[in-house]
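These are the residues of each chain, in order.
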Amino acid sequence: MTDRSLSLVPVRTRTAALSDCVLRGAVAAGFGLSVLTVLVMLLWISSPYPDSGLGGALHVAAALWLLAHGTELTRQDTLSGVPAPLGVVPILLVVLPVWLVQRAAHDALDPANGRPGPSSRGALCAVTGGYLLVAVAVALYAAGGTLPAEPLSALWHLPLVVGAAAAAGVWRARGCPGGPLPRPVRWILPKGARAALARPGMPDTLRAAAAGVMVLTGGGALLVGGALVWHAGAAQQSFLQLTGAWSGRFTVLLLAVSLVPNAAVWGASYALGPGFVLGTGTTVTPLAVTGNTVLPHFPLLTAVPGEGRGSPLGWAVAAVPLAAGVVLGWFVVRGGEKAGPIPLGGTVLSAVSAAVGCAAAMTGLAALAGGPLGTGSLASFGPVWWRTGAAALVWTVGTGLMVALVRRWRVLRRNRPAAPVPQAAGEPEWHDSGARVARWAALRAASAGLKARIPQPGDQPADQAGDQPSNQSGDQADGCAAADPGDADAAANNDGARGEDGEDGDGPAVVQPGPDRTDRADGPDGPDGPDGPGDSGSTEVQDGTDGTDGTSSPGSDNDVPAAVPAVPVTAPAPPAPPETGAEAGPRAEPGAGPGIGSAWPPMSYTDGD
């Protein structure tokens, strides 16, 4: 093999990637059609009265697949002989094709074996095109049956549903990016809507709108369920009157289950106020039920209230849109609280935008949940979409905006910093520098100089104080000189012990103000001896050998009792030379303080140390 040898891994061209996307779209359409076909075939086989053969069952399966995409059908075999439209779409059937399309678009952008996939736009168009190719074939096949599809309805419902589902799959495959809006969306939407959708807080706003829609539809489902329980006898009788065969009853049960989401939207529209219509002459609202209420036998229709004025129990359904507005406003401020400070204008704009989104979603669901079931009095069935959308907007804007403002005020009040406590006149502040220095000086006095002094602005830095005595007493530096030998003894005991040979170490040193200099006492081996005299300004340190323990007599004029007894400090002794011959003898134990072992002899220091 050379450097120019051909790679054994096949290169995926753009045409191959797009072909793969088209194939995925066609497979998704075929899989959904197969599921419905198997279900219809099982019901047809189990039916004791099959009116048509295998071809009729296949035509019904194709018509149901088109109906699942929102396409309106036409019923040919009516009693009057006049074709009747069938436009009520079971929302539960729509879930299957939408999930399959978005899954196909998502998988089309997943790179296989490390090979690059198509672009987002190419995958969207290819998956949608492959799915629509199968949809055209199914529509042509269903045209020869008893439930053909309405051409105009199929022409715009199929591309809309498939394209929206494929776009959702591509968006998920790209990690749900925010980014700018696609160009077709920017062309359709007005300038104000584009600016609102491009805001940074739009994900939180959409989340609040979705929460409002969920509360509305969930509340509508609870209303329908409660009404069915209230009219359980009528629902059971209607279910048994439709058919006596178990296969027929199973078919009715499947149809009722697929229409449960539609009933939830109907209940939400009823709670919002506009209600729904049952034909051209019957309107059902919380305030009243007007018109002819003669309805066909179906279990879900037994939940419709009777004719007449509404009762206070019916008026209580207003709690559903009220709860939806409260949840919407709470979610608006919850998202803004995580992002940081909550401005007033941003809160108002987010609440209004969320209400508009909730109203738009309810408008679409109302248009999908209703439709015609025939001609004449059955030409309009379900909620009126524009009334439902307008009522949802009014409820959510009014309630949601109020809740958002109140919650914003509470959040700002909770996060407001506490006001400082007023200081009494003449009372020193706890963190004042003078108070801190006074407290620390008291602690130093109580500890007999064990604690360091707080450095002051006029003090000399430590690196420039090398020429001054290193063992100067802290009380002397603070301006508090030792007034008697007792203070000197305390300072000497706190600073350390002196070696025997008189060399510099950590021994005791007492500094007294003199006329010329400060004299120190030599060690026990110094020239003056233990009782040698010092200079004119010298100060001798007595450590208790004379029985006074370094303090003045009780009857002296300079008797100043110490606040805290001096604490002896034991310092490590310097290494001693080896003891040999007659020179070895007893010596004092190093580091012994007053009252510990043998007493210290007086020590004096000279200038030569």
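Before going into details, it helps to say that this report is about the structure given with it. Note that the structure is predicted; figures quoted are calculated from it, not measured.

Cut-offs applied
The residue numbers shown here count from 1 along each chain, following its written sequence. The predicted nature of this model means local features are confined to residues of pLDDT at least 70 and side-chain atom pairs, given and counted, to a pLDDT of 80 or more, with totals for whole chains, interfaces and linings taken over all residues. Hydrogens and water molecules were not included; the side-chain quantities draw on all heavy atoms of the structure. Each helix is a run of H or I in the DSSP string that is no shorter than four residues. Each strand is a run of E no shorter than two, and both are numbered from the N terminus. Burial here depends on accessible area, computed with a 1.4 Å probe over protein chains only, as a share of the maximum for the residue type. Under 20% is buried, over 50% is exposed, and the range in between is partly exposed. The contact definition used throughout considers only heavy atoms, calling two residues in contact when any of these lie within 4.5 Å. Computed with a 1.4 Å probe, the accessible areas rest on the Shrake-Rupley method; for each residue, only the protein chains presented here act as cover. Here, nonpolar core means buried Ala, Val, Leu, Ile, Met, Phe, Trp, Tyr and Cys residues that are tied together by side-chain atoms lying within 4.5 Å of each other. Think of each axis as a best-fit line through the C-alpha atoms, taken over the contacting stretch in the case of a helix, with angles from 0 to 180 degrees between the N-to-C directions. The labels follow the angle: roughly parallel below 35 degrees, roughly antiparallel above 145, roughly perpendicular from 65 to 115, and oblique for the rest. By the definition used in this description, the sense in which the near helix is turned from the far one sets the handedness, with an anticlockwise turn below a right angle giving left-handed and a clockwise turn giving right-handed. As a working rule, the residues Ala, Val, Leu, Ile, Met, Phe, Trp, Tyr, Cys and Pro are called nonpolar, Asp, Glu, Lys and Arg charged, and the rest polar, with Gly in that last group. Salt bridges are counted wherever a side-chain nitrogen of Lys or Arg sits within 4 Å of a carboxyl oxygen of Asp or Glu. Expected helix span is computed as 1.5 Å times (number of residues minus one). Any two of the Phe, Tyr and Trp rings considered here, Trp counted by its six-membered ring, make a pair once their centres fall within 6.5 Å; the pair's planes then place it as stacked at under 30 degrees, edge-to-face at over 60, or tilted in between. Patch membership requires over 30% relative accessible area and the absence of a salt bridge. Like charges are linked within 9 Å, and nonpolar side chains (Val, Leu, Ile, Met, Phe, Trp, Tyr) within 5 Å.

### Section: the overall build of the protein chain
Counting secondary structure elements, the protein chain contains 18 helices and 7 strands. Considering the protein chain as a whole, with its 609 residues, one finds that 33% of them fall into the buried category. Excluding contacts between residues fewer than 6 apart, the proportion of contacts in the protein chain whose partners are at least 24 apart in sequence is 70%. When the accessible surface of the protein chain is totalled, it reaches about 35300 Å², and 64% of it is carbon and sulfur.

### Regarding the nonpolar core
Of all hydrophobic cores here, the largest spans 36 residues; its most connected members are Leu216, Phe276, Leu278, Val284 and Phe298. Among the secondary structure elements, those contributing two or more residues to this core are α8 (202-230), α10 (246-258), α11 (260-272), β3 (276-278), α13 (319-339), α14 (344-369) and α15 (385-414). Looking at which element gives the most residues to this core, the answer is α11, with 6 residues. Excluding its chain neighbours within four sequence positions, the residues that come into contact with leucine 216 are Ala268, Leu272, Val320, Pro321, Ala324, Cys358 and Met362. Residues Leu73, Ala104, Leu147 and Leu158 belong to the second largest nonpolar core, which totals 35 residues.

### Thoughts on the packing of helix α1 (residues 14-46) against helix α3 (residues 91-108)
Following both chains from N to C, one finds α1 and α3 inclined at 155°, their axes separated by 9 Å at the closest point. Relative to α3, the element α1 is oriented roughly antiparallel. Along this stretch, α1 crosses α3, giving a crossing that reads as right-handed. Touching Cys21, Arg24, Ala28, Phe31, Gly32, Val35 and Leu36 of α1 are Leu93, Leu96, Leu100, Ala104, Asp107 and Ala108, all from α3. Per-class residue counts for the contact of α1 with α3 are 10 nonpolar, 1 polar and 2 charged.

### Some remarks on the packing of α11 against α14
Two elements in contact, α11 and α14, have axes separated by 9 Å at closest approach and are oriented at 125°. In terms of their interaxial angle, α11 and α14 are classed as oblique. Of the two possible hands of crossing, α11 and α14 adopt the one that is left-handed. Contacts between α11 and α14 pair Asn262, Val265, Trp266 and Ala268 from the former with Met362, Leu365, Ala366, Leu368 and Ala369 from the latter. By residue class, the composition of the contact of α11 with α14 is 8 nonpolar, 1 polar and no charged.

### Some words on the pattern of salt bridges
Side chains that differ in charge, positive against negative, can pair when their charged atoms come close. Using the criterion set out here, one finds 3 salt bridges in the structure. We note a salt bridge from aspartate 20 to arginine 24, for which the minimum N-O separation is 3.0 Å. Here arginine 24 and aspartate 20 lie together in helix α1, a separation of 4 residues that amounts to about one turn. Since its relative accessible area comes to 30%, arginine 24 is described here as partly exposed. Residue aspartate 204 is joined to arginine 207 by a salt bridge in which the shortest nitrogen-to-oxygen separation is 2.7 Å. Of this pair, aspartate 204 and arginine 207 both sit in helix α8, 3 residues apart, which is roughly one turn of that helix. You can call aspartate 204 partly exposed: its relative accessible area is 24%.

### Considerations on α10
With 13 residues, α10 ought to run about 18 Å at 1.5 Å a step, and its terminal C-alpha atoms sit 18 Å apart, in line with that. Among the residues of α10, Ser247, Val252, Ala256 and Ser258 are the ones counted as buried. The inward-facing, buried residues of α10 contact α1, α3, α9 (232-242) and α11.

### Quick look at the packing of aromatic side chains
A complete count under the given rule lists 5 aromatic pairs for this structure. Taken together, a centroid distance of 5.8 Å and an interplanar angle of 25° make the contact between tryptophan 65 and tyrosine 131 stacked. Linking tryptophan 65 in helix α2 (residues 54-67) with tyrosine 131 in helix α4 (residues 120-142), this pair joins segments that are 66 residues apart in sequence. Tyrosine 131 shares its class with tryptophan 65; the two are buried. The interplanar angle of 50° and the centroid separation of 6.2 Å between the aromatic rings of tryptophan 266 and phenylalanine 381 together place this pair among those described as tilted. Here tryptophan 266, found in helix α11, pairs with phenylalanine 381, found in strand β7 (residues 381-382); they are 115 residues apart in sequence, far enough to count as distant.

### So, a nonpolar patch on the surface
On the surface, a nonpolar cluster with roughly 820 Å² of combined accessible area is contributed by Leu39, Leu92, Val95, Trp246, Phe250, Leu253, Leu254, Val257 and Val260. Those elements that provide at least two residues to the nonpolar patch are α3 and α10. With 5 residues, α10 is the single largest residue contributor to the nonpolar patch. Assessed through its relative accessible area of 42%, leucine 92 is described here as partly exposed.

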